[in-house]
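Below, each chain spelled out in residue letters.
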Amino acid sequence: MSRAFRPRLRETSEAQKKARLAWNQGLTGKGRPEAEQAVVEACTVDGCGTPAVGRVPPVARMVSVAGSADGAAAHWYCPGRCAAIARARADIRSIPMRPEGAA
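Every chain is numbered on its own, with residues counted from 1 as its sequence reads. Given that the model is predicted, a residue must reach a pLDDT of at least 70 before its local features are reported, and side-chain atom pairs must reach 80 or more before they are shown or counted; all residues, however, enter totals for whole chains, interfaces and linings. With hydrogens and water stripped out, all remaining heavy atoms of the structure feed into the side-chain values.

S.K.: Please explain the overall build of the protein as it appears in this structure.
M.R.: A run of DSSP states H or I qualifies as a helix once it reaches four residues; a run of E qualifies as a strand once it reaches two. Both are numbered from the N-terminal end. Counting its regular elements, the protein contains two helices and three strands. Going from N to C terminus, the protein has its helices and strands arranged as α-β-β-β-α. With 103 residues in all, the protein has 10% of them scored as buried. Considering only contacts in the protein between residues 6 or more positions apart, those separated by 24 or more positions represent 34%. Only the protein chains shown count as cover for residues, with accessible areas throughout obtained via the Shrake-Rupley method and a probe of 1.4 Å. By element, 56% of the accessible surface of the protein is carried by carbon and sulfur atoms, the whole surface being about 9,400 Å². Between buried and exposed lies partly exposed: a residue is buried under 20% and exposed over 50% of the maximum accessible area for its type, with that area taken using a 1.4 Å probe on protein chains only. Residue contacts are defined here by distance: any two heavy atoms, one from each residue, within 4.5 Å place the two residues in contact.

S.K.: Which parts of the structure should I look at to understand the nonpolar core?
M.R.: Generally speaking, soluble globular proteins have nonpolar side chains that are buried together. Only buried residues count toward a nonpolar core. Its members are Ala, Val, Leu, Ile, Met, Phe, Trp, Tyr and Cys residues joined through side-chain atoms within 4.5 Å. Judged by nonpolar contacts, M62, V65, W76, Y77, C78, C82, A83 and A86 together constitute the single largest core of eight residues. Of all the secondary structure elements, the ones that give two or more residues to this core are β3 (75-77) and α2 (81-93). Among the elements that take part in this core, α2 stands out by supplying three residues, more than any other.

S.K.: Teacher, can you tell me more about the sheet that holds β3 here?
M.R.: Strand pairing in a sheet relies on backbone hydrogen bonds. The paired strands run either parallel or antiparallel. Taken in spatial order, the three strands make up an open sheet running β1-β3-β2, and their pairing is antiparallel. Each end of this open sheet is capped by a strand with a single partner; those strands are β1 (50-51) and β2 (63-65). Pairing geometry for β1 and β3, over two bridges, is antiparallel. Counterpart to P51 in the pairing with β3 is H75. Here an angle of 0 to 180 degrees is reported between the N-to-C directions of two axes, which are lines fitted to C-alpha atoms, with helices fitted over the stretch in contact. Set on the sheet, α2 makes contact with β2 and β3; between it and β2 the angle comes to about 15°. Should DSSP find at least two bridges between two strands, the strands are taken to pair.

S.K.: Any chance you could explain unusual backbone geometry here in plain terms?
M.R.: Peptide bonds are, in most cases, trans, and in most cases residues other than glycine have a negative phi. Phi at R61 takes a positive value of approximately 70°, unusual for a residue other than glycine. Along the chain, R61 turns up in the loop between β1 and β2.

S.K.: Looking at this structure, how should I read the environment of G71?
M.R.: Examined against the element boundaries, G71 turns out to sit in the loop between β2 and β3. The exposed category is assigned to G71, whose relative accessible area is 65%. Separated by 23 residues in sequence, G71 and S94 place their C-alpha atoms 10.0 Å apart.

S.K.: Explanation requested: α2 in the structure shown.
M.R.: Side chains that are three or four residues apart share a direction in an α-helix, a result of its 3.6 residues per turn. Helix span is expected to be 1.5 Å times the residue number reduced by one. Compared with an ideal rise of 1.5 Å per residue, which puts 13 residues at 18 Å, α2 spans 18 Å between its outermost C-alpha atoms and is within 8% of the ideal. Within α2 the residues assigned to the buried category are C82, A83, A86 and A90. Down the axis of α2, the sector holding all buried residues measures 95°, keeping them to one side. Exposed and facing more than 90 degrees away from the buried side of α2 are D91 and I92. On its buried face, α2 sits against β2 and β3. In this description, the arc belongs to the directions extending from the helix axis to the C-beta atoms.

In structure tokens form, the structure reads like this:
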């Protein structure tokens, strides 16, 4: 039986109400609205994500993000969300992988 079809019992005891308030850290009412910016969004800046062949960016104010230590090439990114995501991806790629079967 899925959770959507399970009957919900009312919180009638004082202990249930205290437990709910403790779980929610005393907050009641409506939650905060969802983020307005999409998680994945296509960049509209020309030249964002192009390989950094020279020292001159394809568009002004572009940021060069170095590849990870595994030999990935550097790329030009717009100075904002794209550059931050590229830096995070380079950091993740630099984490050594565990051998197969290691816990």
